[in-house]
Amino acid sequence: MSFEPVKQRRLSDDIVKHLEALIAEGSLRPGERLPAERALAERFGVSRPSLREAIQKLTARGLLLSRQGGGTYVTEALNSAFTDPLLPLLESREETRRDLLEFRHTLEGACAYYAAQRATQPDLARLTLAWERLEDCYRRRETLSREEEGDADAAFHMAIAEASHNTVYLHSIRSLFELLRHHMVTNIGGMHAHRRETRERLLEQHRALYEAIVEGRADEARAAASRHLDYVQEVLVEAGAVAHRLARARRRDEF
């Protein structure tokens, strides 16, 4: 009988696995700076050389980025699925807006469902802050820019994805965040112009979604997410049809 020697695992490999887990679960976000080397080594209870070796391994794999004299960061490339030059191309296509709404139906309904089941107290605290920011935007309608409202809307849905504790859902939404935010900014302008009651309806829909998650009503949370996106799609289809008829009428006047 032959025996193979047991390989001793390096401490840096354990640190690598721990940092990988933090990145995968979303605790360390793309673009976020890691704590200073001394503080991080103390937090992990390891030596600075072992930590440094782990950081070098993750940097070589493209998960971390070290800046001379500026610290170590989680690479922004983790969110690069829909960025320049693809983002402007997608934004300009009507089909993409429809496709994104269909995708959001599938993804955000599931996120809301699992968030209602799995959200911890820290998750709910972050979600509450995101909801209060969004609610404040709706109430400051006279002094509010589309961009500010779009940012708050996207951040609210991101907080739900984080609370779902599904890393694939979370990273899917994070990779789409810029496209999602731009989509919301565009939608907000068109929806408010088309229907005067839109802002109140969106406020009601987001409140219902928030309350269902906080109260742990998973099926109702998924249904609330679906109703919200159904409404957005309905208004945008109406607005698009009106714009098409107006353009056709103007063309007739030109001849």
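Since the model is a prediction, treat every value here as computed from it, not as a measurement.

**Thoughts on the overall build of the protein chain**
No. 1: Looking only at helices and strands, the protein chain has 11 helices and two strands in total.
No. 2: Residue burial in the protein chain is summarised as follows: out of 255 residues, 38% are buried.
No. 3: For the protein chain, the proportion of contacts with a sequence separation of at least 24, taken over those separated by at least 6, is 74%.
No. 4: With the model as given, the accessible surface of the protein chain reaches about 14,800 Å², and the carbon-plus-sulfur share is 51%.

**Overview of the pairing of strand β1 (residues 64-67)**
No. 1: Two elements, β1 and strand β2 (residues 71-74), share four bridges in a ladder whose sense is antiparallel. Across the sheet, the residue bridging to L65 is Y73, located in β2.
No. 2: The loop that links β1 with its antiparallel partner β2 comprises three residues; one of these, G69, has a positive phi angle of about 75°.

**Brief notes about helix α6 (residues 121-139)**
The α-helix winds at 3.6 residues per turn, so residues separated by three or four positions along the chain end up facing the same way.
No. 1: Given a rise of 1.5 Å per residue, 19 residues ought to cover 27 Å, and the 27 Å separating the end C-alpha atoms of α6 matches this to within 8%.
No. 2: Taken as a whole, α6 has its buried residues at D123, L124, L127, A130, W131, L134, C137 and Y138. The buried residues of α6 occupy an angular sector of 140° when projected down its axis, which confines them to one face. Exposed side of α6, more than 90 degrees from the buried face: Q121, L129 and R139 are the residues found there.

**Considerations on the packing of helix α7 (residues 146-163) against helix α10 (residues 198-214)**
No. 1: Direction vectors running N to C along α7 and α10 enclose 20°, while the axes themselves pass 12 Å from each other. By the angle between their axes, α7 is roughly parallel relative to α10. When you trace α7 past α10, the crossing you get is left-handed. Contact residues: α7 offers E149, D153, F156, H157 and I160, while α10 offers R199, H206, L209, Y210 and I213.

**Notes on the confidence of the model for the protein chain**
No. 1: When pLDDT is averaged along the protein chain, the result is 80, and 73% of the positions lie at 70 or above.
No. 2: Predicted confidence in the protein chain is weakest over helix α4 (residues 86-91), with a mean pLDDT of 52, and strongest over α6, with 93.

**Describing helix α1 (residues 11-24)**
No. 1: Between its terminal C-alpha atoms α1 stretches 20 Å, which fits the 20 Å expected from 14 residues at 1.5 Å a residue.
No. 2: Listed in full, the buried residues belonging to α1 are S12, I15, V16, L19 and I23. End-on view of α1: buried residues confined to an arc of 105°, all on one side of the axis.
No. 3: One or two steps after α1, the chain reaches G26, where phi turns positive at roughly 90°.

**Considerations on the layout of surface pockets**
No. 1: Estimated volume of the second largest pocket: approximately 250 Å³.
No. 2: Lining of the second largest pocket is provided by 12 residues; of these, R29, A155, M158, E162 and F177 occupy positions nearest its centre.
No. 3: At the level of elements, α6 and α7 are the ones that each hand at least two residues to the lining of the second largest pocket.
No. 4: Among the elements that take part in the lining of the second largest pocket, α7 stands out by supplying four residues, more than any other.

Cut-offs applied
- Residues numbered from 1 in each chain as written.
- Predicted model: local features only at pLDDT ≥ 70, side-chain atom pairs only at ≥ 80, totals over all residues.
- Heavy atoms only, no water.
- Helix = DSSP H or I, 4+ residues; strand = E, 2+ residues; numbered from the N terminus.
- Buried < 20%, exposed > 50% of the residue type's maximum accessible area, 1.4 Å probe, protein only.
- Contact = heavy atoms within 4.5 Å.
- Areas by Shrake-Rupley, 256 points an atom, 1.4 Å probe, with all protein chains shown as cover.
- Pairing = 2+ DSSP bridges.
- Expected span 1.5 Å × (residues − 1).
- Arc of directions from axis to C-beta.
- Axes fitted to C-alpha atoms, helices over the stretch in contact; angles between N-to-C directions.
- Parallel < 35°, antiparallel > 145°, perpendicular 65-115°, else oblique.
- Left-handed = near helix turned anticlockwise from the far one by under 90°.
- pLDDT = per-residue confidence, 0-100.
- 1 Å grid on protein atoms, 1.4 Å probe; cavity = no way out; pocket = protein on both sides within 12 Å on 5 of 7 lines; lining within 4 Å.
- Points joined across faces, edges and corners; volume = space filled by probe spheres on them.

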